Number of protein chains: 4
Amino acid sequence: MSDIIRFGVSLSQKLLKSFDKIITKKGYASRSEAIRDLIREHLVDTEWEEEKKETVGTITLVYNHETRELGEKLTHEQHHHLDSIISTTHIHLDKHNCLEVLIARGKGKEIKAIADKLISTKGVKHGKLTMTTTGKELT
Amino acid sequence: MSDIIRFGVSLSQKLLKSFDKIITKKGYASRSEAIRDLIREHLVDTEWEEEKKETVGTITLVYNHETRELGEKLTHEQHHHLDSIISTTHIHLDKHNCLEVLIARGKGKEIKAIADKLISTKGVKHGKLTMTTTGKELT
Amino acid sequence: MSDIIRFGVSLSQKLLKSFDKIITKKGYASRSEAIRDLIREHLVDTEWEEEKKETVGTITLVYNHETRELGEKLTHEQHHHLDSIISTTHIHLDKHNCLEVLIARGKGKEIKAIADKLISTKGVKHGKLTMTTTGKELT
Amino acid sequence: MSDIIRFGVSLSQKLLKSFDKIITKKGYASRSEAIRDLIREHLVDTEWEEEKKETVGTITLVYNHETRELGEKLTHEQHHHLDSIISTTHIHLDKHNCLEVLIARGKGKEIKAIADKLISTKGVKHGKLTMTTTGKELT
């Protein structure tokens, strides 16, 4: 944390104004912190594009547990990817609906494939892959 | 499930070709299933735009637990939103990095505000809000 | 934390020796801290015996997800107790075995009934109810 | 599941009566299922006594997140045992109290040591180790 570098950024007044408005709304303490987050976000995207890098993602699924064999299908599929899926949190949303949040770690390509398979399963009402990071290359 | 309706969709051959290519890659069994997912996704987005509707989201955070008081700050902030945050899963990624996945339920606006506050906290390396749904209005 | 009270405890040298040995092994910094834990443990047990008090427990289940309809049965049963079960974490132990850890909140009697029902389900290899507390009456 | 063996058990009428009463209350469908659970429970205990066997446990902690540095201390300690702790679920019980449920996998001795260290930390109101199993040697 000792070697902080400062660099200048030039942009139009209009763009800066829009940016300031949004970061104030989001509660950032400074422009620098907001810019750092944009840079980190870009690095995370890159981590996911590189084939060999290990990364981390969450897969969110909403489904009706009463749909014939759906719960079993999803569990079986997850068991094929033991090495990637760290844990799954299941929330009973109501009498019918379940939320499952899987946390996966591995190559981006593999996590994407698992997410595609689960989300495209018939009966899954809503599914999303959230790409995050191991944090190793971010400071 | 008894009252299934069929309707036609007209589009250019080129657009259909691109669509077929991507849904095959994602493993969809049929165009209808893929179209249904697009429609549901659109409904989820709408659920989040409406002020009064209850919805569900996950907030993903990556940070270094050694950063001074960061862990405590994040925990304190979460305790201010007891009624919205159902559970938080914490994964120890390595000696330094933590992943936290919060599951929140409430009005979209409120979950967005919680996410903004947590993600913009200094020291959080990466953060994302994933908007999903209670599933109530999707079939 | 300002009103700390000290009181004396008399016991045989032999009993004290055994106690000191075990608390040293467990890493307690002082006898007082170990005694406080025993007292709290006793209060938690009492919390669970009282019919009307709200309390917190975890239910741990190990089962083979390939057992016919077992996963579905367990999920269905949990959905009958939406108001008590906060979240369920599912770990894929190996190709066959699953660990589920439910966190429940409610009256002790009700949580015990849910645990009994789930643990006694045919095909569940191992199950345990862990009684903990809301922490409200402990300092 | 094809090679089911039956064996007889002899015991006093009084003991059987007590046993039947308790298993009926717990909802077991048959004496055999209840006996199988007792045998499995015994095997799990043995798994935990053997030094070299891999096993699974949960560690439950209740504490006040406002206690100075307590949350950080617990997180730091957990990061020293990355290889054993699979995931930690955190529930915000109220403004002050937190529940953490850790899922750990490794040698029984090591999991016990982690549990002892965390539970004996000053400020932890209630802590428990629940010994369960990988399920590998149970059918």
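Residues numbered from 1 in each chain as written. Chains lettered and ligands numbered in written order. Predicted model: local features only at pLDDT ≥ 70, side-chain atom pairs only at ≥ 80, totals over all residues. Heavy atoms only, no water.

Engineer: Requested: an account of the interface of chain A and chain B, with residues and values cited.
Structural biologist: Where the parts come together, the accessible area they lose is often given as the size of the interface. Contacts between the two partners involve 45 residues from chain A and, on the opposite side, 45 residues from chain B. Approximately 3600 Å² of surface area, both sides summed, lies buried where chain A meets chain B, with 55% of it carried by carbon and sulfur atoms. Three residues, Leu93(A), Lys125(A) and His126(A), lead the burial of chain A against chain B; their summed loss comes to 16% of the area buried on that side. Applying the counting criterion to the chain A and chain B interface returns 18 residue pairs in polar contact (both at pLDDT 80 or more). Looking at the side of chain A that touches chain B, the elements with two or more residues in it are helix 2 (31–49), strand 1 (54–64), strand 2 (85–92), strand 3 (97–107), helix 4 (108–119) and strand 4 (124–132) of chain A. For the side of chain A that touches chain B, the element with the highest residue contribution is strand 4 of chain A, accounting for 8 residues. Residue composition of the side of chain A that touches chain B, grouped by class: 14 nonpolar, 17 polar and 14 charged. (Contact = heavy atoms within 4.5 Å. Buried area = accessible area lost by both parts, 1.4 Å probe. Polar contact = N/O pair within 3.5 Å; in protein donor to acceptor, adjacent residues only side chain to side chain. Helix = DSSP H or I, 4+ residues; strand = E, 2+ residues; numbered from the N terminus. Nonpolar A, V, L, I, M, F, W, Y, C, P; charged D, E, K, R; others polar.)

Engineer: For the packing of helix 1 (residues 13–26) of chain A against helix 2 of chain A, give the residues involved together with the corresponding values.
Structural biologist: Residue and element names in this part refer to chain A. At a minimum axis distance of 11 Å, the contact between helix 1 and helix 2 shows a crossing angle of 90°. With respect to helix 2, the axis of helix 1 lies roughly perpendicular. Taking contact as the criterion, the partners of Leu16, Phe19, Asp20 and Ile23 in helix 1 are, on helix 2, Arg31, Ala34, Ile35 and Leu38. Considered class by class, the residues forming the contact of helix 1 with helix 2 number 6 nonpolar, no polar and 2 charged. (Axes fitted to C-alpha atoms, helices over the stretch in contact; angles between N-to-C directions. Parallel < 35°, antiparallel > 145°, perpendicular 65-115°, else oblique.)

Engineer: Break down the sheet that holds strand 3 (residues 97–107) of chain B for me, with residues and values.
Structural biologist: Spatially, the 8 strands line up as an open sheet ordered 4(B)-1(B)-3(B)-2(B)-2(D)-3(D)-1(D)-4(D), and their pairing is antiparallel. Bordering the open sheet on either side are strand 4 (124–132) of chain B together with strand 4 (124–132) of chain D, each of which pairs with just one other strand. The mean inter-strand angle of the sheet, taken between neighbouring strand axes irrespective of direction, is 15°. Pairing of strand 1 (residues 54–64) of chain B with strand 4 of chain B, which is carried by 8 bridges, proceeds in the antiparallel orientation. (Pairing = 2+ DSSP bridges.)

Engineer: Can you tell me about the pattern of salt bridges, naming the residues and giving the values?
Structural biologist: Applying the stated criterion across every chain, the model contains 40 salt bridges over all chains. Where Asp116(B) meets Lys26(A), a salt bridge forms, and the shortest distance between an N and an O atom there is 3.3 Å. In this pair, Asp116(B) sits in helix 4 (residues 108–119) while Lys26(A) sits in helix 1, so the two residues belong to two different chains. What makes Lys26(A) partly exposed here is its relative accessible area of 35%. The salt bridge involving Asp20(D) is made with Arg31(D); its shortest N-O contact spans 2.7 Å. With Asp20(D) in helix 1 (residues 13–26) and Arg31(D) in helix 2 (residues 31–49), the pair connects residues that are 11 residues apart, well separated along the chain. (Salt bridge = Lys/Arg side-chain N within 4 Å of Asp/Glu carboxyl O. Buried < 20%, exposed > 50% of the residue type's maximum accessible area, 1.4 Å probe, protein only.)

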